[in-house]
Amino acid sequence: MAPTNSSRSVIRSWRLVTPVVAVAAFGLVACSAPETPADTAGTTPAVWTGSEDSGAGGVAADAPEGTVEADFKDAAGRPAGTVSFVEDGDHLLVTVEAEGLTPGFHGLHVHTVGKCETKSVAPTGGEPGDFLSAGGHLQVDGRTEHPSSGDLTSLQVGEDGTAKLVTTTDAVTLDDLRADGGRAVVIHSGADNFANIPPRYTLADGAAVPDMATLMTGDAGSRVACAVLG
């Protein structure tokens, strides 16, 4: 029996509705993130975002294993900046931020004793001076060569009295910095020549250069800021 006009209308209507329903269903699938099964029956499944949890502890996976840091103070007790040593592979990443200093280059060293006392006497004796309690430049493992283990890149201060230095060293470790109750980091008043005095220069008495004072201090002058590492 041939279809009646009424049945033809129903067929045409179904054919029109079916694609619309299919498109709507496809849209729901395409726009929804993959879902993981719920733990409790009758609850809405959790939606997977496509990224792993960064960690409840709040520590990045590549966070440094150890850090030693301290605050600088000048001879008047005023804040003068910060210093940090962070383990980075087989060396330490050193970051210094300083303020309130005179423009120019300043010697920067790790000193042997973790004491930053004004008007103090050096462990070897002598006249008192600012931060002399920090002792001399750090040497580790019985080393005697120069530059010493504690010598760092000089700090360049701008006209506004501030400076930032990021450098590295593999001459010391965090254990070296923590040993013996901690060390000190000292900023000096002048530039460090790292005992780099050519042999063509001689002293007035004909003695060879660099002399012992230059070898030990780099002729960097007085101590203007100090930080105790612990």
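So, here's what we can say about the structure. (Residues numbered from 1 in each chain as written. Predicted model: local features only at pLDDT ≥ 70, side-chain atom pairs only at ≥ 80, totals over all residues. Heavy atoms only, no water.)

The omega torsion of the bond from His 146 to Pro 147 falls at 0°, within 30 degrees of zero and hence cis. Along the chain, the position of Pro 147 falls in the loop between β5 (108-111) and β6 (155-157). Even without glycine at this site, Asp 141 takes up a positive phi of about 55°. With respect to the helices and strands, Asp 141 occurs in the loop between β5 and β6. Of the residues examined, Asp 141 reaches a relative accessible area of 68% and is grouped as exposed. Phi at Asp 219 is positive, roughly 55°, even though this residue is not glycine. (Helix = DSSP H or I, 4+ residues; strand = E, 2+ residues; numbered from the N terminus. Buried < 20%, exposed > 50% of the residue type's maximum accessible area, 1.4 Å probe, protein only.)

The next subject is empty space enclosed by the protein. Here the idea is plain: a probe the size of a water molecule rolls over the atoms and shows the empty space left. Counted under the stated rule, the structure contains one cavity of 30 Å³ or more. Approximately 40 Å³ is the volume attributed to the largest cavity. Lining the largest cavity, in full, are His 137, His 146, Pro 147, Asp 151, Asp 192, Phe 194, Ala 195, Leu 215, Thr 217 and Gly 218. (1 Å grid on protein atoms, 1.4 Å probe; cavity = no way out; pocket = protein on both sides within 12 Å on 5 of 7 lines; lining within 4 Å. Points joined across faces, edges and corners; volume = space filled by probe spheres on them.)

Here seven bridges tie strand β1 (residues 67-74) to strand β2 (residues 79-88), and the two strands are oriented antiparallel to one another. The residue of β2 that forms the bridge with Glu 69 is Ser 84. Linking two consecutive strands that pair antiparallel, namely β1 and β2, is a turn of four residues; a positive phi of about 85° is found at Gly 77 within it. Relative to strand β9 (residues 223-228), β1 is paired through two bridges, and the arrangement is antiparallel. If you follow Asp 74 over to β9, its bridge partner there is Ala 225. (Pairing = 2+ DSSP bridges.)

Generally speaking, a soluble globular protein has its nonpolar side chains buried in company with each other. Counting residues in hydrophobic clusters, the biggest one holds 28 residues, and the most contacted among them are Phe 72, Val 83, Phe 85 and Leu 155. Counting five residues, the second largest nonpolar core, distinct from the first, contains Phe 131, Ala 134, Ala 184 and Val 186. (Core = buried A, V, L, I, M, F, W, Y, C linked by side-chain atoms within 4.5 Å.)

This brings us to the state of the cysteines. Evaluation of the coordinates by the stated rule reveals one disulfide. Sulfur-sulfur distance for the disulfide between Cys 116 and Cys 226 comes to 1.9 Å. Judged by the sign of its S-S torsion, about -65°, the bond between Cys 116 and Cys 226 is left-handed. Residue Cys 116 is located in the loop between β5 and β6, and its partner Cys 226 is located in strand β9; the two are separated by 110 residues in the primary sequence. (Disulfide = S-S within 2.5 Å.)

What follows concerns the side chain of Asp 176. Tracing the backbone shows Asp 176 in helix α2 (residues 174-178). Here Asp 176 sits buried without a salt bridge, and the closest side chain of opposite charge, Arg 183, lies 5.8 Å off (N-O distance). Apart from residues no more than four positions distant in its own chain, Asp 176 is found in contact with Val 140, Ala 171 and Arg 183. (Lys, Arg positive; Asp, Glu negative; His and termini not counted. Salt bridge = Lys/Arg side-chain N within 4 Å of Asp/Glu carboxyl O. Contact = heavy atoms within 4.5 Å.)

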